[in-house]
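# What the coordinates show
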Amino acid sequence: MENKIGKVWLVGAGPSDPGLLTVKALKLIEEGDVIVYDNLVGQGVLSLVPSGKEVINVGKIAGNHPVPQDEINLILLNKALEGKKVIRLKGGDPFVFGRGGEELELLVDNNIPFEVVPGITSAVSVPAYNGIPVTHRDFTSSFHVITGHTKKKDEADVDYDALVRLEGTLIFLMGVGSMDRICKGLIDAGMDKNMPAAVLEKGTRASQRKVVATVSTLVEESQKAEIKTPAIIMVGKVCQLSDSFEWASKRPLGELKIGVSRPEKKASKLAGKLADLGAEVVLLPSIYSVAEEDSDILKSTFEKIDSYEWIAFTSPTAVEFFFEKLIGYGKDSRCLSGTKFAVVGKGTHNKLLSYGIISDLMPETFTGEALGKLMSDKHITGTVLIPRSKIGGSELLNALDAGNIKYEDVAIYDTKYQNANNIVSYTEDIDMMAFTSASTVKSFVENNKNIDFAKVKAVCIGTETAKEATNHGMEIFVSPRATIDEMVNYIEKEFGIK
Ligand code: SAH
């Protein structure tokens with residue numbers, strides 16, 4: 001049988017902020033079979049890679065040496081020959097000092113189809129996030145992007161005389177190690193010693209830093225600030241605009257890196273809102289849900305589905321699996337015309353609404369316990385069906401027991417804690433973790449066994465989530481009301497820029 005040849009996409013991942021990913025890049029990340037990435041690709045971008053994909057980190061292997069370029073080229077070739085959709089993710093733009101050209105040569109030689117997806121280069125975006133326009137009519141009419149080191153890693157053969165004569169903005173990538181030589185080269189070639197200059201570190205992340213000085217003081221100031229890579233060096237009059245155009249760090253959550261432990265395959269409303277306020281968000285995929293295998297219990301439950309007086313849902317996921325099973329057993333919502341519905345909170349209410357059903361009962365505080373109490377107060381005489389996760393907590397059941405309510409607790413899905421691929425994990429520079437359920441806490445703990453939980457700041461939605469975080473010794477902060485919006489408000493009030 002003839003093997004179908006795959007294809008390689010050389011994709012720019014932007015400077016780090018996942019918001020700067022192109023629509024095309026995101027689509028490819030979601031659809032590709034293999035993701036080959038290196039260290040410059042931001043954590044926030046990597047956290048968008050769906051789990052279950054083959055991921056290859058060519059930025060780091062044992063001993064901290066990156067995979068040699070020849071080997072990277074071979075990986076791309078071989079994966080394409082296996083018939084795969086290969087996504088080669090590169091920081092910034094793949095053709096701006098990204099060795100993108102080199103990676104294509106072997107593919108061309110072997111007739112492998114490919115596409116190039118340009119990305120937003122750090123050369124212009126990192127200055128922008130530091131309030132520096134690379135051109136400005138009052139100061140300069142050109143900008144020039146220059147590498148600080150050459151192929152052989154020795155002295156870059158930069159023509160400093162020519163650069164000074166251009167009178168444009170100079171942007172050096174990969175220049176931190178040779179900053180001394182660059183600044184001296186420019187001054188020796190006649191540049192004004194007071195020419196504004198800047199070093200911009202980790203641009204577009206929450207931890208981005210800048211040093212603004214002059215071409216003669218930049219080296220000393222950067223040493224004082226202990227600037228590290230990745231950073232770009234900028235020289236030119238536009239650097240003096242940096243303070244007046246500063247904006248990124250002034251956003252309410254602009255200096256915070258927040259980990260969001262979100263259920264796998266769920267678009268995170270929380271993550272979106274935090275990013276809107278300027279936070280650097282890292283999605284740590286956590287729990288995922290699988291339908292319970294069909295069984296006698298499930299079969300008989302759905303056969304007599306119209307006999308329950310109430311059905312209580314404790315999560316949007318439970319609603320989804322309920323209807324999946326209902327249809328699976330050959331029924332549809334017409335058989336629920338006499339049934340009443342209780343939901344634990346707004347999200348579950350809305351999910352039910354999307355199936356054309358308005359819930360009859362929802363507690364004021366969105367907890368299982370509150371729902372149970374509310375149902376007990378109703379003096380329900382018939383049986384309540386609780387189709388939910390196999391690992392559901394006991395709060396709701398205890399409250400129903402206390403009210404002598406008859407119920408059937410039926411597991412329709414199971415919650416798995418294991419992260420399907422570990423492309424992104426918790427790192428200590430994450431300022432806080434945001435947890436939206438006790439199970440996301442459990443999953444976080446399961447997937448990050450080796451970290452010191454006492455150092456983790458946990459912002460929790462509701463008391464059950466907080467209890468779980470406390471059990472592991474985390475420092476907890478609880479949003480007063482258990483909704484995503486309230487949680488975001490709370491984070492902004494407690495930790496945001498005042
Ligand atoms: N293709 C990339 C550049 C690769 S060369 C692009 O278009 O952006 C690597 C250099 O890019 C680093 O040494 C650093 O100078 C710069 N760089 C990349 N990302 C950066 C970031 N987020 N902040 C500061 N500099 C960055």
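Residues numbered from 1 in each chain as written. Predicted model: local features only at pLDDT ≥ 70, side-chain atom pairs only at ≥ 80, totals over all residues. Heavy atoms only, no water.

## Re the sheet that holds strand β5 (residues 114-117)
- Taken together, five strands build an open sheet; the order of strands is β3-β2-β4-β1-β5 and the sheet is parallel. The sheet terminates laterally at β3 (54-57) and β5, the two strands that pair on one side only. Taken pair by pair, the neighbouring strands of this sheet meet at an average axis angle of 15°, ignoring direction.
- Bridging between strand β1 (residues 7-12) and strand β4 (residues 85-90) involves six bridges; their strand directions are parallel. Of the residues in β4, the one forming a bridge with Lys7 is Lys85. (Pairing = 2+ DSSP bridges. Helix = DSSP H or I, 4+ residues; strand = E, 2+ residues; numbered from the N terminus. Axes fitted to C-alpha atoms, helices over the stretch in contact; angles between N-to-C directions.)

## Brief notes about the sheet that holds strand β16 (residues 383-389)
- Strand order in this open sheet of five strands is β13-β17-β16-β14-β15, and the pairing throughout is mixed. The sheet terminates laterally at β13 (288-291) and β15 (340-343), the two strands that pair on one side only. The mean angle between the axes of side-by-side strands here comes to 30°, regardless of whether they run parallel or antiparallel.
- Relative to strand β17 (residues 406-416), β13 runs antiparallel, the two being bridged by four bridges. Along β17, the bridge assignment pairs Ser289 with Thr415.

## Some details on the site of the ligand
- Contacts to the ligand come from 18 residues, most closely from Asp93, Val96, Thr121, Ser122 and Ala231.
- The separation between a nitrogen atom of the ligand and a polar main-chain atom of Asp93 is 2.8 Å.
- When the ligand is considered free in solution it has 540 Å² of accessible area, and contact with the protein chains removes 94% of it.
- If you list the elements that add at least two residues to the shell around the ligand, you get α5 (122-129) and β10 (231-235).
- Split by residue class, the shell around the ligand holds eleven nonpolar, five polar and two charged. (Near = heavy atom within 4 Å. Polar contact = N/O pair within 3.5 Å; in protein donor to acceptor, adjacent residues only side chain to side chain. Areas by Shrake-Rupley, 256 points an atom, 1.4 Å probe, with all protein chains shown as cover. Nonpolar A, V, L, I, M, F, W, Y, C, P; charged D, E, K, R; others polar.)

## Describing the nonpolar core
- By size, the foremost hydrophobic cluster in this structure holds 34 residues, and its most contacted members are Val11, Leu89, Met433, Phe444 and Met474.
- The residue makeup of this core includes at least three contributed by each of domain 1 (7-120) and domain 3 (251-286 + 419-495).
- In terms of nonpolar packing, the next biggest core, distinct from the first, is built from 26 residues, Val158, Tyr160, Val164 and Ala213 among them. (Core = buried A, V, L, I, M, F, W, Y, C linked by side-chain atoms within 4.5 Å. Buried < 20%, exposed > 50% of the residue type's maximum accessible area, 1.4 Å probe, protein only. Domains from an automatic or database assignment.)

## Brief notes about the packing of aromatic side chains
- Tallied over the entire structure, the rule returns twelve aromatic pairs.
- Judged by centre distance (5.1 Å) and plane angle (80°), the rings of Phe477 and Phe495 are edge-to-face. On the criterion of sequence distance, the pair formed by Phe477 in strand β20 (residues 475-479) and Phe495 in helix α17 (residues 484-495) is long-range, its members being 18 residues apart.
- According to the relative accessible area criterion, Phe477 is buried, its value standing at 17%.
- A network of ring pairs unites the aromatic residues Phe302, Phe313, Phe322, Phe323, Tyr329, Phe341 and Tyr355 as a single cluster.
- Lying across the ring of Phe366, Arg481 places its NZ or CZ 5.8 Å from the centre. (Phe/Tyr/Trp six-rings, centres within 6.5 Å; stacked < 30°, edge-to-face > 60°. Lys NZ or Arg CZ within 6 Å of the ring centre and 35° of its normal.)

## Notes on helix α9 (residues 269-276)
- Every buried residue of α9 is accounted for by Leu270, Ala271 and Leu274. Mapping the buried residues of α9 onto a view down its axis gives an arc of 95°, with all of them on the same face.
- Its buried side turned inward, α9 meets β11 (257-262), β12 (280-285), β18 (432-435) and α17.
- Among the residues trailing α9, Gly278 stands out with phi positive, at a value near 100°. (Arc of directions from axis to C-beta. Contact = heavy atoms within 4.5 Å.)

## As for the environment of Lys4
- Here Lys4 lies in the segment before β1.
- For Lys4, a relative accessible area of 67% translates into the label exposed.
- Along the chain, Lys4 and Glu82 lie 78 residues apart, while their C-alpha atoms are 7.7 Å from each other.
- Apart from residues lying up to four places away in sequence, Lys4 is in contact with Leu81, Glu82 and Gly83.

## A look at the domain arrangement of the protein
- For the protein, the assigned domains read domain 1 (7-120), domain 2 (124-248), domain 3 (251-286 + 419-495) and domain 4 (289-417).
- Computed over C-alpha atoms, the centres of domain 3 and domain 4 are 27 Å apart.
- At the junction of the two partners, domain 3 supplies 14 residues and domain 4 supplies ten residues.
- Between domain 3 and domain 4 the total buried area reaches about 840 Å² when both faces are included, carbon and sulfur atoms providing 48% of it.
- One can count zero residue pairs in polar contact (both at pLDDT 80 or more) joining domain 3 with domain 4.
- The set of elements that each furnish at least two residues to the side of domain 3 that touches domain 4 consists of α15 (438-447) and α16 (462-471).
- Of the residues forming the side of domain 3 that touches domain 4, the biggest block, five residues, is contributed by α15. (Buried area = accessible area lost by both parts, 1.4 Å probe.)

## Regarding the pattern of salt bridges
- For the structure on display, the rule yields 31 salt bridges.
- Close ionic contact of Lys79 with Glu82 constitutes a salt bridge, the shortest N to O distance being 3.7 Å.
- For Glu82, a relative accessible area of 42% puts it in the partly exposed group.
- A salt bridge links Lys273 to Asp485; its shortest N-O distance comes to 2.8 Å. Here Lys273 is found in helix α9, whereas its partner Asp485 is found in helix α17, with 212 residues between them in sequence. (Salt bridge = Lys/Arg side-chain N within 4 Å of Asp/Glu carboxyl O.)

## Points about a nonpolar patch on the surface
- Taken together, Phe97, Phe143, Val145 and Met174 make up a surface patch of nonpolar side chains, about 320 Å² in accessible area.
- Note on placement: Phe97 falls in the loop between β4 and α4 (100-109). (Patch = residues over 30% accessible without salt bridge, like charges linked within 9 Å, V, L, I, M, F, W, Y side chains within 5 Å.)

## What to know about the packing of helix α11 (residues 316-328) against helix α12 (residues 346-353)
- It is the contact of α11 with α12, at a shortest axis distance of 8 Å, that shows an interaxial angle of 25°. When the axis of α11 is compared with that of α12, the two are roughly parallel. Of α12, the residues touching α11 (which contributes Pro316, Val319, Glu320 and Phe323) are Gly347, Thr348, Lys351 and Leu352.
- Residue composition of the contact of α11 with α12, by class: four nonpolar, two polar and two charged. (Parallel < 35°, antiparallel > 145°, perpendicular 65-115°, else oblique.)

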